Structures are given as C-alpha cells and as structure tokens.
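Examination of the molecular architecture
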Amino acid sequence: MKLVRFGPPGAEKPGLVDAEGQVRDLGAMIDDISGAVLLPQGLAALRAVDARSLPVAPAGVRMGPCVGRAGKIVGIGLNYSDHAAEVGRPVPSSPGFFLKATSSISGAADPIILPPASQATDWEAELGIVIGVPGKYITEADAIGHVAGFCTAGDISERTYQAESGPTAAKSFDSFTPLGPWLVTVDEVADPYDLRVTCDVDRRRHQDGNTRDLIFRIPAILAHVSRYFSLQSGDVILTGTPAGVGKGRKPPLYLRAGNRVRIAVEGLGIQEHIVEG
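Just so it is clear, the model here is predicted, and its values are computed rather than measured. Residue indices follow the written sequence of each chain, beginning from 1 at its first position. Reporting in this predicted model follows two pLDDT cut-offs: at least 70 for local features of residues, and 80 or more for side-chain atom pairs to be given and counted; totals over whole chains, interfaces and linings ignore these cut-offs and use all residues. The basis for every side-chain value is the complete set of heavy atoms in the structure, and neither hydrogens nor water enter the calculation.

In this description, strands pair whenever DSSP reports at least two bridges between them. A run of H or I in DSSP becomes a helix once it reaches four residues, and a run of E becomes a strand once it reaches two; helices and strands are each numbered from the N terminus. As summarised here, the arrangement of the 9 strands in space is S3-S2-S1-S13-S10-S9-S16-S4-S5, forming an open sheet in which the pairing is mixed. Each end of this open sheet is capped by a strand with a single partner; those strands are strand S3 (23-25) and strand S5 (96-100). Neighbouring strand axes in the sheet, compared pairwise and without regard to direction, differ in orientation by 30° on average. Note: strand S2 (residues 13-17) against S3, 3 bridges, orientation antiparallel. Across the sheet, the residue bridging to Gly 15 is Asp 25, located in S3. Interaxial angles span 0 to 180 degrees and are taken between N-to-C directions of axes, which are lines fitted to C-alpha atoms, for helices over the stretch in contact.

Have a look at this one:
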C-alpha cells in the first residue's frame, strides 16, 4: 500500500493511493497514519478495504508528511562511503546517529524555510524507515519485522550550526525533515537495497546514489539504535545520504531563497520544494 496524509498543516486526514493513482480518504476508518495503524494487524485491516468504496480526496490537495505523531526522528550519519569522503570524514565502524526535533517534519511539497541569517543550508536526500512494531534490543534477524514501510525523506542541514552546535541543532529547524509523499509498506518494496536516491536543485542533479551502497543496512541500524532507546510505532529513521551535498562541492554551494529542490527515492515518490527565507 501507499499511505498518505492530506490536507492543511496540522489538520491532515489519512488516506491511501488506489490502483489508478487517486488519493482515497480513510478518515471514516482511522484518525491518522500513526500508532496502532502501523502494526501488522492495523495494516492488514487497511489492505482488506476496497479502495473503490472510499471517497476521493479533492484534486490538488496538499500532501502532508506521510506519518503522523512521530515520537522521534533518528538520523544515521555518514552511511555512504562516498559521502564520508566528500566531507573529509572516515568511514564509521558502527552506525553513528543523532536525533532531530519532530517539529522539523513537513510535507512533500511544503517550502524549505531558511533559518534567519543562514548562509549554509544544505540538501540531503535519504531513504526513510517508518517503524511499525515497537521494540528494544532488536536483533538483526528480527529487524525487518519491526518496519511498517519506507518513504522519501529529506535531511536538510545548516552546516554552520552543525559545526558550532552539532547535528541535532543544525537539522531540527522547522521544515528540515520533509517526509513523503507516500509511506510505502514493506510488502510493496521488492528490494530496499536497490533504490535510486536523487536530489536536484534548480533542475541540476547533485545527488545520484543507490541504497545498495549503504554501509550499514536496515538490520544493523535497528539493532544498533535500539540498544540505546526503544523504537515506537511511527518513529522515523533516516538512513543517511549519498555523495553530492553542497558542502562537498568546491567551493561549497548552499540553498538560497527561490531555489527549487527535488528529492526522490525510486518507487517511494518525489518531493518538490521551494526554498523560502
């Protein structure tokens, strides 16, 4: 399934995308794409629904972030060796992670808002994981059973603040974690390790990677981070970004007001953002 949340910010309704690509309204069945809905039994109940019986969402409606009420966002750093090389960092021996404020979550076509006086806001395209079954001390063998689905994600980063105050500060500004347009359930992703990950700025391709090049794959990521804190339904994990970020260019290139940013993960949908500030 492709699950969505549509409508104005803060008042999104749950929905799904039918076989014809129309968004159908699930609001009479569930209140959000969150919590128990993301458990196996919740997803099974939605699969049993005849999408043709559901109301069609208004044409052109805003696509909000594809998961609601996320308890935490976990970012994995330096998870592609080419990205580590371009920013002058060694390849890590274990998954390094940081947390992002959930207030940074935004929709797939919402603006990216530059912080005041920002001169070094950068793009990062990533594969996002949405947790279904909660867990702690998850084993690698069991890890995929804890995943509800995948989504296209952005991990927008202000590099000056990152150098001064660390990744959580630099990556937690409002609009810095666009998610969606869809949450694609695990059963519809044939191979999460063969997905093209791209980012274009003003129609120029800057990132063009593939999840086959992840240093740490999903089982290793979930096993590692769940040693430190439990993962709950609706938590989001950003799996890292491939080479091509603005910081890695010589000279560096960063976002400015008016730029158009396109982030895509193969099979998971496309994001289109205008930079404001």
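Salt bridge, as used here, is a side-chain nitrogen of Lys or Arg placed within 4 Å of a carboxyl oxygen of Asp or Glu. Scanning the entire structure with this criterion turns up 21 salt bridges. In this structure, the salt-bridge partner of Asp 155 is Lys 100, at a minimum N-O distance of 2.6 Å. On the criterion of sequence distance, the pair formed by Asp 155 in the loop between strand S10 (147-154) and strand S11 (157-158) and Lys 100 in strand S5 is long-range, its members being 55 residues apart. Residue Asp 155 is classed as buried on the basis of its relative accessible area, which comes to 2%. Of the charged contacts in the structure, one is a salt bridge between Asp 155 and Lys 171, with a shortest N-O distance of 2.9 Å. Of the two residues, Asp 155 is situated in the loop between S10 and S11 and Lys 171 in helix H4 (residues 167-171); the sequence distance between them amounts to 16 residues. When salt bridges with common partners are traced through the structure, they connect Arg 5, Glu 12, Asp 31, Asp 32, Arg 62, Arg 69 and Asp 110 into a single cluster. Any residue under 20% of the maximum accessible area for its type is buried, any over 50% is exposed, and the rest in between are partly exposed; the area is computed with a 1.4 Å probe on protein chains only.

A word on the sheet that holds strand S17 (residues 260-265). Taken together, the 5 strands give an open sheet; going across it, the order is S7-S18-S17-S14-S15, and neighbouring strands pair in mixed fashion. For this open sheet the edge positions go to strand S7 (112-113) and strand S15 (204-210), each flanked by a neighbour on one side alone. As paired strands, S7 and strand S18 (residues 269-276) are joined by 2 bridges and run parallel to one another. Bridge assignment links Ile 112 to a residue of S18, and that residue is Val 275.

With that settled, the discussion passes to the layout of surface pockets. In this approach the atoms are scanned with a rolling probe the size of a water molecule, which exposes any empty space left behind. Size it by volume and the largest pocket reaches roughly 380 Å³. Gly 77, Leu 78, Arg 89, Phe 98 and Gln 162 are, among the 20 residues lining the largest pocket, the residues nearest its centre. For the lining of the largest pocket, the secondary structure elements donating two or more residues are strand S4 (73-77), S5, helix H3 (159-165) and H4. The element best represented in the lining of the largest pocket is S5, accounting for 3 residues. Each cavity reported here is a set of points on a 1 Å grid over the protein atoms alone in which a 1.4 Å probe fits but cannot get out, each pocket an open set with protein on both sides within 12 Å along at least five of seven lines, and each lining residue one with an atom within 4 Å of a point. Grid points are joined across faces, edges and corners, and a volume is the space filled by probe spheres set on the points.

We now examine unusual backbone geometry. Here the bond from Gly 180 into Pro 181 is cis, since omega is 20°, no more than 30 degrees from zero. Along the chain, Pro 181 falls in the loop between strand S12 (177-178) and strand S13 (183-185). Omega for the bond connecting Lys 250 with Pro 251 falls within 30 degrees of zero, at -5°, which places this linkage in the cis form. Assignment of secondary structure puts Pro 251 in the loop between strand S16 (236-238) and S17. Residue Asp 202 is not a glycine yet carries a positive backbone phi of 50°.

Here we take up helix H1 (residues 40-47). For H1, the full list of buried residues reads Gly 42, Leu 43 and Leu 46. The buried residues of H1 occupy an angular sector of 95° when projected down its axis, which confines them to one face. Contact definition: two residues touch when any of their heavy atoms are within 4.5 Å. Lining the buried residues of H1 we find strand S1 (2-6), S10 and S13. Here the arc refers to the directions that run from the helix axis out to each C-beta atom.

For Phe, Tyr and Trp, rings pair up if their centres lie within 6.5 Å, where Trp contributes its six-membered ring, and each pair is then called stacked (planes under 30 degrees apart), edge-to-face (over 60) or tilted (otherwise). Tallied over the full model, the rule gives 4 aromatic pairs. Between the aromatic rings of Tyr 161 and Phe 173, the centroid separation amounts to 5.4 Å while the plane-to-plane angle is 55°, which identifies the pairing as tilted. Taken together, the residues Tyr 161 in helix H3 and Phe 173 in the loop between H4 and S12 connect sequence positions 12 residues apart. Residue classification places Tyr 161 among the partly exposed positions, given a relative accessible area of 29%. Site record: aromatic cluster; members linked through ring pairs are Phe 97, Tyr 228 and Phe 229. Only when the NZ of Lys or the CZ of Arg is both within 6 Å of the ring centre and within 35 degrees of the ring normal is a charge said to sit over the ring. Taking the ring centre of Trp 182 as reference, the NZ or CZ of Lys 2 above it sits at 5.2 Å. The ring of Tyr 193 is capped by Arg 217, whose NZ or CZ atom sits 4.2 Å from the centre of that ring.

Attention shifts here to the environment of Pro 9. By the element assignment, Pro 9 lies in the loop between S1 and S2. Taking the C-alpha atoms as reference points, Pro 9 and Gly 107, 98 residues apart in sequence, are found 8.4 Å from one another.

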